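Each chain, letter by letter, is given below.
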Amino acid sequence: MTFDGRAATSLVMLAVFAAMSAIAMDYPEKARMMPLLVGIPGTLLSLAQLLHDLRQAGAPPADAESILERRRETGMFLWLGLFFAAVIGFGFLYGAPAAVFAFMRFGRGESWATSLAGGVAAWAVLYGVFTRLLELFLFEGLLLPLLTG
Amino acid sequence: MQLEQVFSSLLGIVGSPQLMGLILLAVPIGMFFGAVPGLGGKLGVVLLIPFVFGMDPVAGAVFLLAMHAVVHTGGSIPSILFGVPGTGPDAATIVDGFPMTQRGEAGRALGASLGASGFGGVIGGIFLALMLPLLRPVVLAFSPAEFFLLAIFGITFIATLSGKSLRKGLLVGMFGLMLAFVSLDPHSGAQRYTFDMLFLWDGVDVITAVLGIFAVPEMIALGVAGGSIARVAGKAARYNLREVIDGILDVFRHPGLSFRTALIGAGIGMIPGLGGDAASWICYGHAVQSSKTPERFGKGAVEGVIAPETANNSKEGGALLPTLFFGVPGSSGMAILLGAFIMLGIKPGPMMAMTGLDLVWALIWTLVIANILAVAMFLACAPAFGLLTFVRGSLIIPFVLVLAFLGAFLSHSSWENIVLLCVLGVLGYFLKKYGWPRPPFVIGLVLGPVAEDSLHKALGIWGPTFFLRPQSMVMVVLIVASLAFYFWRRSRKGKVEVQYDI
């Protein structure tokens, strides 16, 4: 039996179905009917999928390519986290362009000029199109209002 | 069918500077998203959703559909010029389109693709129009029992076509259903899976979920791949406008093939879960089988370009039928459009057949006008297509992520949706990585409320034996047949996989 990323994904699905089915037990009868109608078969199916994945032949030994891929995956998740932190912390008008600039310069190795242009373009679209033209309210962030009073 | 209603819708679009302006804007955007490999029309719709917030429902629907309708017109460009499919369904065009380029007929291949796309798109719109009078009594005959079973059929059918594993397809569809139950239960008022978070009282936002499951994983995968969407070797082929026009005329030199494949594409588009690859490859196969000289195919036969391209565009007209009248998406692209329509305040379902025909006709004319305009724009921009080689995928990632975050926030003016977006984005990446198909998720999420509401009504009216009604038995037979077809196909050919372009 091999526990790898494939099996881990199946385990996550099993956990979601099992948890949602268990929670649904406490709901009134009409409210729990559909969640249980879907959740219980889902739990059983995902258990079957997990067992199938565990029984699969083991993954080939890690080579340079898979190590590189894993490193890039980790990098992309970190960048996703950075985008999240930037937007949640400082909002779309400031956090998002900063994240775009940082990704292009430090994530992709683009030149300073290209990265700066990217950040400015992001700000221009967010401000020019969404704020001014469409008159939409863009999230200002949780930290920025605190910092600016 | 009232002619006055038909033509008043056309005049309403053509006579409206706003609507024509939106179509004129949407067409090049759609062609761009189709032409840049790795983007795709579904991502285009998803990313344009923030821009239609606050728009009039008709204007927003026209804008998004016009963009979506011409994606495959653009998708044929890299297929023919570089041998790289712009979208999944355009892979069939490579088989004969790229060899045509290699022997110096790039212009003719582009023209044939362009003409076929425009022809197919117009036929798809006409097909939808002609089906309306036939469909109306069918839609009105559907009761809650049939709608519940139709929802189950939609999920089951697309799961049977999704990748190598029926189990994974069903699980993802059921996951979408489970997320659809997150909300205040409309029947009992109980909070379900909201954990006292206000932003979940109205349920998981479809736009956020779609962005999280599709857009974010695509960008993560693009970054992991090293940022290069398509590795294109060599320079783009040279061609002139006269060759392109000659190619357009090829469509009319093969009228029978063009018409048949357009109809087949529209018919396939009607079936929930099919479309995309199925339409283009089935029509390509038909072109080979119906040709008197099948040995030319694969080496640059122009019919090998015409057949898949007519089907790619005509299927959109067919796919609108179940989407608008049953609320069952005809394809994964339609599933995303359906979410956008709901966000705009349009309610797809049986009521469209009674009170929504003005909108339906507006969408039919949008399909026709967008495809015609795409031909004109394609001709105008043809010399510039070689520049597509300079589009670097890595430059697109940060902008797509920002638009995805924006779409998630704007859908409910809730920053918590951004959290949900990221969680689903990470999950969606691993689903993509380990071969879990994602289209069933959208269909489960969109159909969940319909399925639950219909089930409660059916049980209230007929009790647990509602599925024994004759009309319901037809749906039960379809569900069983789709499962049986899956197992039969597996036993005959081994594991056959349908590749979606997302």
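The rules behind the values
Residues numbered from 1 in each chain as written. Chains lettered and ligands numbered in written order. Predicted model: local features only at pLDDT ≥ 70, side-chain atom pairs only at ≥ 80, totals over all residues. Heavy atoms only, no water. Helix = DSSP H or I, 4+ residues; strand = E, 2+ residues; numbered from the N terminus. Buried < 20%, exposed > 50% of the residue type's maximum accessible area, 1.4 Å probe, protein only. Contact = heavy atoms within 4.5 Å. Areas by Shrake-Rupley, 256 points an atom, 1.4 Å probe, with all protein chains shown as cover. Rg over C-alpha atoms; globule rule 2.2 N^0.38 Å. Lys, Arg positive; Asp, Glu negative; His and termini not counted. Charge placed at Lys NZ, Arg CZ, Asp CG, Glu CD. Buried area = accessible area lost by both parts, 1.4 Å probe. Salt bridge = Lys/Arg side-chain N within 4 Å of Asp/Glu carboxyl O. Polar contact = N/O pair within 3.5 Å; in protein donor to acceptor, adjacent residues only side chain to side chain. Nonpolar A, V, L, I, M, F, W, Y, C, P; charged D, E, K, R; others polar. Expected span 1.5 Å × (residues − 1). Bend = angle between axes of the 7 residues up to and from the residue. Phe/Tyr/Trp six-rings, centres within 6.5 Å; stacked < 30°, edge-to-face > 60°. Lys NZ or Arg CZ within 6 Å of the ring centre and 35° of its normal. Axes fitted to C-alpha atoms, helices over the stretch in contact; angles between N-to-C directions. Parallel < 35°, antiparallel > 145°, perpendicular 65-115°, else oblique. Left-handed = near helix turned anticlockwise from the far one by under 90°.

Peer 1: Please provide a residue-by-residue account of the overall build of chain B, values included.
Peer 2: Helix and strand counts for chain B come out as 21 helices and 2 strands. Looking at chain B residue by residue over its 502 residues, the buried ones come to 64%. Within chain B, residue pairs in contact and separated by at least 24 positions form 79% of the contacts whose partners lie at least 6 positions apart. Carbon and sulfur atoms provide 68% of the accessible area of chain B, an area that totals close to 17600 Å².

Peer 1: Got a sec to walk through the overall build of chain A? Specific residues and values, please.
Peer 2: Tallying secondary structure elements over chain A gives 5 helices and 0 strands in all. Computed over its C-alpha atoms, the radius of gyration of chain A comes to 23 Å, more than 25% above the 15 Å expected for a compact globule of 149 residues. For the C-alpha atoms alone, the extent of chain A along its principal axes is close to 50 × 50 × 25 Å. Burial analysis of chain A (149 residues in total) assigns 37% to the buried set. Residue pairs at least 24 apart in sequence account for 61% of intrachain contacts in chain A once pairs closer than 6 positions are excluded. Only carbon and sulfur atoms are counted for the fraction: they give 68% of the accessible area of chain A, which is about 8300 Å². Charged side chains in chain A number 10 positive and 11 negative. The centres of these two groups are separated by 1 Å.

Peer 1: So, the interface of chain A and chain B: which residues are in play, and what are the values?
Peer 2: Many structure descriptions define interface size as the accessible area lost when the parts assemble. On the side of chain B, 61 residues touch chain A, which itself brings 57 residues to the contact. Across the chain A to chain B interface the summed buried area is about 5300 Å²; carbon plus sulfur atoms make up 82%. For chain A, the biggest contributors to the area lost against chain B are Met20, Met34 and Leu80 of chain A; these three give 12% of the whole. The tally of links from chain A across to chain B stands at 2 salt bridges. Taken together, the connections running from chain A to chain B amount to 8 residue pairs in polar contact (both at pLDDT 80 or more). If you list the elements that add at least two residues to the side of chain A that touches chain B, you get α1 (5–24), α2 (29–55), α3 (64–107) and α4 (112–133) of chain A. Looking at the side of chain A that touches chain B residue by residue, the classes come out as 40 nonpolar, 10 polar and 7 charged.

Peer 1: Any chance you could break down the environment of Lys433 of chain B for me, citing the residues and the numbers?
Peer 2: Among the secondary structure elements, Lys433 of chain B is positioned in helix α19 (residues 416–433). The spacing of Lys433 of chain B and Asn417 of chain B is 16 residues in sequence and 24 Å in space, taken between C-alpha atoms. Apart from residues no more than four positions distant in its own chain, Lys433 of chain B is found in contact with Glu69 and Glu73 of chain A. A distance of 2.6 Å separates the side chain of Lys433 of chain B from the side chain of Glu73 of chain A, its partner in a polar contact.

Peer 1: Describe in detail helix α10 (residues 206–224) of chain B, supporting the description with residues and values.
Peer 2: Residues and elements named next belong to chain B. Counted at 1.5 Å a residue, the expected span for α10 with its 19 residues is 27 Å, and the 27 Å between its end C-alpha atoms agrees. A maximum bend of about 35° is found in α10 at Gly212. Across the 19 residues that make up α10, a large majority, 19, are buried. Trailing α10 by a residue or two, Gly226 shows a phi angle of about 105°, which is positive.

Peer 1: Lay out the packing of aromatic side chains in plain terms, naming residues and giving numbers.
Peer 2: In this structure the tally under the stated criterion is 23 aromatic pairs over all chains. On the basis of an interplanar angle of 65° and a centroid distance of 6.2 Å, the ring pair of Phe83 of chain A and Phe103 of chain A is categorised as edge-to-face. Each member of the pair, Phe83 of chain A as well as Phe103 of chain A, is classed as buried. The interplanar angle of 45° and the centroid separation of 4.6 Å between the aromatic rings of Phe130 of chain A and Phe51 of chain B together place this pair among those described as tilted. Placement of Phe130 of chain A in helix α4 and of Phe51 of chain B in the loop between α3 (41–48) and α4 (57–69) is noted, with the two residues assigned to different chains. Above the ring of Trp462 of chain B, the side-chain terminus of Arg469 of chain B is found at 4.0 Å from the ring centroid.

Peer 1: Outline unusual backbone geometry, supporting the account with residue identities and numerical values.
Peer 2: Residues and elements named next belong to chain B. The phi angle at Phe195 is positive, at roughly 50°, despite the residue not being glycine. Examined against the element boundaries, Phe195 turns out to sit in the loop between β2 (191–192) and α10. The phi dihedral of Asp196 falls on the positive side, at around 60°, and the residue is not glycine. You can see Asp196 is positioned in the loop between β2 and α10. Since its relative accessible area comes to 68%, Asp196 is described here as exposed.

Peer 1: An account of the environment of Gly345 of chain B is requested, with residue identities and associated values reported.
Peer 2: Assignment of secondary structure puts Gly345 of chain B in the loop between α15 (332–344) and α16 (351–355). Classification of Gly345 of chain B by relative accessible area gives exposed; the value is 52%.

Peer 1: Any chance you could break down the packing of α3 of chain B against α4 of chain B for me, citing the residues and the numbers?
Peer 2: Residues and elements named next belong to chain B. Between α3 and α4, the least distance of the axes is 9 Å, while the angle of their chain directions is 160°. Here α3 is positioned roughly antiparallel relative to α4, judged by the angle of their axes. Here α3 and α4 pass one another in a crossing that is right-handed. Between α3 and α4, the contacting residues are Gly41, Gly44, Val45 and Leu48 on the first element and Phe63, Leu64, Met67 and His68 on the second. The class makeup of the residues in the contact of α3 with α4 is 5 nonpolar, 3 polar and no charged.

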